[in-house]
Amino acid sequence: MSRINLTIDLENKSKFISEYNKKTLNRELKEYILNELVGYDTNDKLKIRINVSYNLNEEEKKEYIKILKKDFKENYIDLRYDAKMNYIKSVVLILIGIIFLIVGFVFLNHNDSLMSEISNIGGWLLIWESGYAIIYTLADRRKEMQRYKQIINSEIEFNK
């Protein structure tokens, strides 16, 4: 496991804190952090070095760290909840797909080949789409959640 060093140069406080909510991270800074980490392993340790051109006391530094970590933690929690809900939906759709396949088998035994084919196609479609969502979509979200956790657990230091 290696270490990632991310350097951020701040000219003034407005570059760190959102202009609309003083307890929220600036959107451009958030995007910058995420974009700079693209291509790095999410298991690597992260150290964020913030170079400021103005005076910050210890209390302000702690507040900045709190804001940065809180913002990414909220995103992590939202993404985790969304992934969990999508996983549950996918499992339910797989179960519905299996029911369709069973219904198709029952229609086949009653010599109703049209209804059997429609049920089979519908069942396999539900299973396929749900399987795709579980394998690919949730895997992407997992990677994004790991990135947020990496930032939340990062070491942050300020330099002047």
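In what follows, the accompanying structure is described.

What counts and what doesn't
- Residues numbered from 1 in each chain as written.
- Predicted model: local features only at pLDDT ≥ 70, side-chain atom pairs only at ≥ 80, totals over all residues.
- Heavy atoms only, no water.
- Axes fitted to C-alpha atoms, helices over the stretch in contact; angles between N-to-C directions.
- Helix = DSSP H or I, 4+ residues; strand = E, 2+ residues; numbered from the N terminus.
- Parallel < 35°, antiparallel > 145°, perpendicular 65-115°, else oblique.
- Left-handed = near helix turned anticlockwise from the far one by under 90°.
- Contact = heavy atoms within 4.5 Å.
- Nonpolar A, V, L, I, M, F, W, Y, C, P; charged D, E, K, R; others polar.
- Expected span 1.5 Å × (residues − 1).
- Bend = angle between axes of the 7 residues up to and from the residue.
- Patch = residues over 30% accessible without salt bridge, like charges linked within 9 Å, V, L, I, M, F, W, Y side chains within 5 Å.
- Areas by Shrake-Rupley, 256 points an atom, 1.4 Å probe, with all protein chains shown as cover.
- Salt bridge = Lys/Arg side-chain N within 4 Å of Asp/Glu carboxyl O.
- Lys, Arg positive; Asp, Glu negative; His and termini not counted.
- Charge placed at Lys NZ, Arg CZ, Asp CG, Glu CD.
- Buried < 20%, exposed > 50% of the residue type's maximum accessible area, 1.4 Å probe, protein only.
- Phe/Tyr/Trp six-rings, centres within 6.5 Å; stacked < 30°, edge-to-face > 60°.
- Lys NZ or Arg CZ within 6 Å of the ring centre and 35° of its normal.

## Here's the deal with the packing of helix H2 (residues 58–109) against helix H3 (residues 113–152)
Two numbers describe how H2 lies on H3: the axes approach to 8 Å, and their chain directions differ by 165 degrees. Regarding the angle of H2 to H3, the classification is roughly antiparallel. H2 and H3 meet at a crossing whose hand is left-handed.

## Looking at the packing of helix H1 (residues 27–36) against H2
Axis separation between H1 and H2 bottoms out at 12 Å; the angle between their running directions is 70 degrees. Relative to H2, H1 is oriented roughly perpendicular. Contacts between H1 and H2 involve Lys30, Ile33 and Leu34 from the first element and Leu68, Asp71, Phe72 and Asn75 from the second. For the contact of H1 with H2, the class distribution of residues is four nonpolar, one polar and two charged.

## Observations regarding H3
With 40 residues, H3 ought to run about 58 Å at 1.5 Å a step, and its terminal C-alpha atoms sit 57 Å apart, in line with that. Bending of H3 peaks at approximately 30 degrees at the position of Ala133.

## Thoughts on a nonpolar patch on the surface
Residues Tyr87, Ile88, Val91, Val92, Leu93, Leu95, Ile96, Ile98, Phe100, Ile102 and Val106 make up a contiguous nonpolar surface patch of roughly 880 Å² in combined accessible area. Here Ile102 shows up in helix H2.

## A short note on a positive patch on the surface
Positive charge collects at one region of the surface, where Lys73, Arg80, Lys84 and Lys149 lie side by side. The element contributing the most residues to the positive patch is H2, with three residues. On the secondary structure map, Lys149 appears in helix H3. The exposure class of Lys149 is partly exposed, given its relative accessible area of 41%.

## Remarks on the packing of aromatic side chains
Evaluated as defined, the whole model comprises four aromatic pairs. An angle of 45 degrees between the planes, with centres 5.8 Å apart, marks the rings of Phe72 and Tyr148 as tilted. With Phe72 in helix H2 and Tyr148 in helix H3, the pair connects residues that are 76 residues apart, well separated along the chain. The exposure class assigned to Phe72 is buried, which follows from its relative accessible area of 0%. With a centroid separation of 4.9 Å and 40 degrees between ring planes, the pair formed by Tyr132 and Tyr136 is classed as tilted. With a gap of four residues between them, Tyr132 and Tyr136 both fall in helix H3, about one helical turn apart. Lys30 extends its terminal NZ or CZ atom over the ring of Phe72, reaching a point 5.6 Å from the ring centre.

## Overview of the environment of Tyr81
Relative to the elements of secondary structure, Tyr81 occurs in helix H2. Separated by 18 residues in sequence, Tyr81 and Glu63 have C-alpha atoms that sit 27 Å apart.

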